[in-house]
Amino acid sequence: MAQPVWQDPVPLSLDTAPVPEYGSGSLADLLPTLVAGQEVPGFTAAIPELTPADRNCVFLIDGLGWEQIKAHPDEAPFLHSLLPTSRGGTGRPLTAGFPSTTATSLASVGTGLPPGEHGLPGYTARNPETGELMNQLRWKPWTAPKVWQPYPTVFQLADAAGVHTAQVSAPTFEQTPLTKVALSGGSFLGRLSGEDRMDVAAQRLAAGDRSLVYTYYSEVDGKGHRFGTDSDAWRGQLMYVDGLARRLAEQLPPRSALYITADHGMIDIPFDEQSRIDFDEDWELSAGVALLGGEGRARHVYAVPGARADVLAVWREVLGEQFWVASRDEAIAAGWFGPTVDERVYGRIGDVVAAAHDDVIITASVNEPHESAMAGVHGSLTPVEQLVPLLEVRS
């Protein structure tokens, strides 16, 4: 009997990684398309399927991806009924951008720029000026916001062009640096309850002949992280936000378009050693690594001086069948962060970038205990994380 021939593992080809639809169908293209239809100077309609409206409202539901809506018609009957309206009636989703995570996506939404330009390339990223790991969601350690992200937001430019502009969100977000660099411009109206946010958003939409209103809800994502998307807690939040979306849609003033979208989807990862690879306990993966950034499914790996090639080789050998593992230049050349990467952003991207293909994450139990305990996660290029709705209601 012939003996089986041992073959070395074959790493995933980077050519097989789905690249976000920057320039035609990503989150970064949404607001530029809407304000181009409102005749704000300097913008063109990047998403050709959308029809202009005088009054535009964007309702962003954190963590509610395209595949989650498709899979839950009973819990989200209103949102599910709108799936055929997505992306201008084509029934297609948008892509979030890479990584598919809140700080990156909200910056893409608000600035109309891909991550390689706005410069928030992950949950955490190295600050080349200080060598420290910067948490771009919590903005720690403190970094001058306008230095980190110098571009104006679409809201600011629309407001300057005479569009009635407002954000309606939780009061706690009003003064955060992320809001300042990504979502500021016009009026910020803080409201605690989801119902109040929907009501105020409709009121602000009616307040101008040309209006741009943004509103946001976070707890679908929060329950997903804590309990997973297969939990009663998550399904309860989905049912609640479905009602919020209907409430807002029923109050639209004339000449309005409501777009319901998300910053990313989510995937549940089992709590076992095969599915959760602990960087802090793995001597192979940690060898030569100065900083581990990003998050479990989208890692930025920063090597000690002189170790870059070795770290890339080891990560590709150990993880290459489960992750797309790229050098910084390979990830940039593949377009993961957009068509271009600004010089100030280049060093924020890891020497090695690892994006999960399989149902697996790289945890860090010592340095990231909270994140390592999450049931539901996101960040990578897979459809369940990357695809987001663009559901539409018009009046």
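From a predicted model like this one, the values you see are computed outputs, not experimental measurements. (Residues numbered from 1 in each chain as written. Predicted model: local features only at pLDDT ≥ 70, side-chain atom pairs only at ≥ 80, totals over all residues. Heavy atoms only, no water.)

S.K.: An account of the side chain of Arg126 is needed here, citing residue identities and associated values.
M.R.: Take Arg126: it is sitting in strand S3 (residues 124-126). For the buried Arg126, which has no salt bridge, the nearest side chain bearing the opposite charge is Asp351, at an N-O separation of 4.5 Å. One polar contact links the side chain of Arg126 to the main-chain carbonyl oxygen of Gly347, over a distance of 3.4 Å. The contact partners of Arg126, leaving out residues within four places of it in the chain, are Gly131, Glu132, Leu133, Trp148, Leu291, Tyr302, Arg328, Gly347 and Arg348. (Helix = DSSP H or I, 4+ residues; strand = E, 2+ residues; numbered from the N terminus. Buried < 20%, exposed > 50% of the residue type's maximum accessible area, 1.4 Å probe, protein only. Lys, Arg positive; Asp, Glu negative; His and termini not counted. Salt bridge = Lys/Arg side-chain N within 4 Å of Asp/Glu carboxyl O. Polar contact = N/O pair within 3.5 Å; in protein donor to acceptor, adjacent residues only side chain to side chain. Contact = heavy atoms within 4.5 Å.)

S.K.: Just give me the short version of the packing of aromatic side chains, but keep the residues and values in it.
M.R.: By the definition in use, this model includes six aromatic pairs. With centroids separated by 6.0 Å and ring planes inclined at 70 degrees, the aromatic side chains of Phe155 and Tyr214 adopt a geometry described as edge-to-face. Residue Phe155 is found in helix H8 (residues 154-160), and its partner Tyr214 is found in strand S7 (residues 211-217); the two are separated by 59 residues along the sequence. Exposure class is identical for Phe155 and Tyr214. Each is buried. (Phe/Tyr/Trp six-rings, centres within 6.5 Å; stacked < 30°, edge-to-face > 60°.)

S.K.: Explain the sheet that holds S7 residue by residue, including any values.
M.R.: Sheet strands line up and pair through hydrogen bonds in the backbone, either parallel or antiparallel. Reading across the sheet, the six strands line up as S6-S5-S7-S1-S8-S18 and stay open at both edges, with mixed pairing between neighbours. Lying at the two open borders of the sheet, with one neighbouring strand each, are strand S6 (187-190) and strand S18 (391-394). Each strand axis lies, on average, 15 degrees off the axis of its neighbour in the sheet, ignoring direction. Looking at chain direction, strand S5 (residues 164-169) and S6 are connected through four bridges and run parallel. Across the sheet, Ser169 pairs through a bridge with Gly190, a residue of S6. Along the sheet, helix H12 (residues 232-249) makes contact with strand S1 (55-61), S7, strand S8 (256-261) and S18, crossing S1 at roughly 175 degrees. (Pairing = 2+ DSSP bridges. Axes fitted to C-alpha atoms, helices over the stretch in contact; angles between N-to-C directions.)

S.K.: Mind laying out the pairing of S1, listing which residues take part and the relevant values?
M.R.: Burial runs high along S1: seven of the seven residues are buried. Residue alternation in S1 divides its side chains into two sets, Arg55, Cys57, Phe59 and Ile61 and Asn56, Val58 and Leu60, and both sets are buried. Pairing geometry for S1 and S7, over seven bridges, is parallel. In the strand pairing of S7, Phe59 is matched with Thr215.

S.K.: Kindly report on the pairing of strand S13 (residues 323-327), identifying the contributing residues and their values.
M.R.: With five of five residues buried, S13 is to be regarded as a mostly interior element. Alternating residues of S13 divide into Phe323, Val325 and Ser327 and Trp324 and Ala326, and every residue in both groups is buried.

S.K.: So what's going on with the pattern of salt bridges? Residues and values would help.
M.R.: Within this structure, the stated rule accounts for 16 salt bridges. Among the salt bridges present, the one from Arg87 reaches Glu21, with a minimum N-O distance of 3.0 Å. Of this pair, Arg87 sits in helix H4 (residues 86-89) while Glu21 sits in the segment before helix H1 (30-37), and the two are 66 residues apart along the sequence. Accessibility expressed as a relative area gives 2% for Arg87, which makes it buried. Judged by relative accessible area, Glu21 falls into the partly exposed class, the value being 26%. For Glu49, the salt bridge identified is with Arg87, shortest N-O distance 3.5 Å.

S.K.: Please give an account of the packing of helix H10 (residues 194-206) against H12 that cites residues and values.
M.R.: For the pair H10 and H12, interaxial distance at closest approach is 9 Å and the crossing angle is 20 degrees. By the angle between their directions, the pair H10 and H12 is classed as roughly parallel. By crossing handedness, the relation of H10 to H12 is classed as right-handed. For the pair formed by H10 and H12, the contact residues are Gly194, Glu195, Met198, Asp199, Ala201 and Ala202 on the first element and Tyr240, Leu244, Arg247 and Leu248 on the second. In terms of residue class, the contact of H10 with H12 is built from six nonpolar, one polar and three charged. (Parallel < 35°, antiparallel > 145°, perpendicular 65-115°, else oblique. Left-handed = near helix turned anticlockwise from the far one by under 90°. Nonpolar A, V, L, I, M, F, W, Y, C, P; charged D, E, K, R; others polar.)

S.K.: Any chance you could break down the domain arrangement of the protein for me, citing the residues and the numbers?
M.R.: When its domains are assigned, the protein resolves into domain 1 (25-266 + 380-392) and domain 2 (267-375). Taken together, the 38 residues of domain 1 in the interface contact 33 residues of domain 2. Summed over both sides, the interface between domain 1 and domain 2 buries roughly 2700 Å², with carbon and sulfur atoms accounting for 55% of that surface. Contact with domain 2 buries area across many residues of domain 1, yet Phe98, Gly116 and Arg126 alone supply 23% of it, more than any other trio. (Domains from an automatic or database assignment. Buried area = accessible area lost by both parts, 1.4 Å probe.)

S.K.: So what's going on with H1? Which residues, and what values?
M.R.: Along H1, seven of the eight residues are buried, which leaves the element largely enclosed by surrounding structure. Within H1, burial applies to Leu30, Leu31, Pro32, Thr33, Leu34, Val35 and Ala36. Looking at the buried side of H1, the elements it contacts are S1, helix H5 (102-111), H8, S7 and S8. Directly after H1, the chain includes Glu39, whose backbone phi takes a positive value near 65 degrees.

S.K.: Please set out the packing of helix H11 (residues 219-227) against H12 residue by residue, giving values where relevant.
M.R.: Put simply, H11 and H12 touch, their axes get as near as 8 Å, and they point 170 degrees apart. What the angle tells us is that H11 and H12 run roughly antiparallel. For the pair H11 and H12, the contacting residues are Glu219, Val220, Lys223, Gly224 and Phe227 in the first and Ala233, Trp234, Gln237 and Val241 in the second. Of the residues contributing to the contact of H11 with H12, the split by class is five nonpolar, two polar and two charged.

S.K.: Give me the environment of Arg246: which residues, what numbers.
M.R.: When you line up the elements, Arg246 lands in helix H12. What makes Arg246 partly exposed here is its relative accessible area of 36%. Remark: the alpha-carbon pair of Arg246 and Pro77, spanning 169 residues in sequence, is separated by 9.8 Å.

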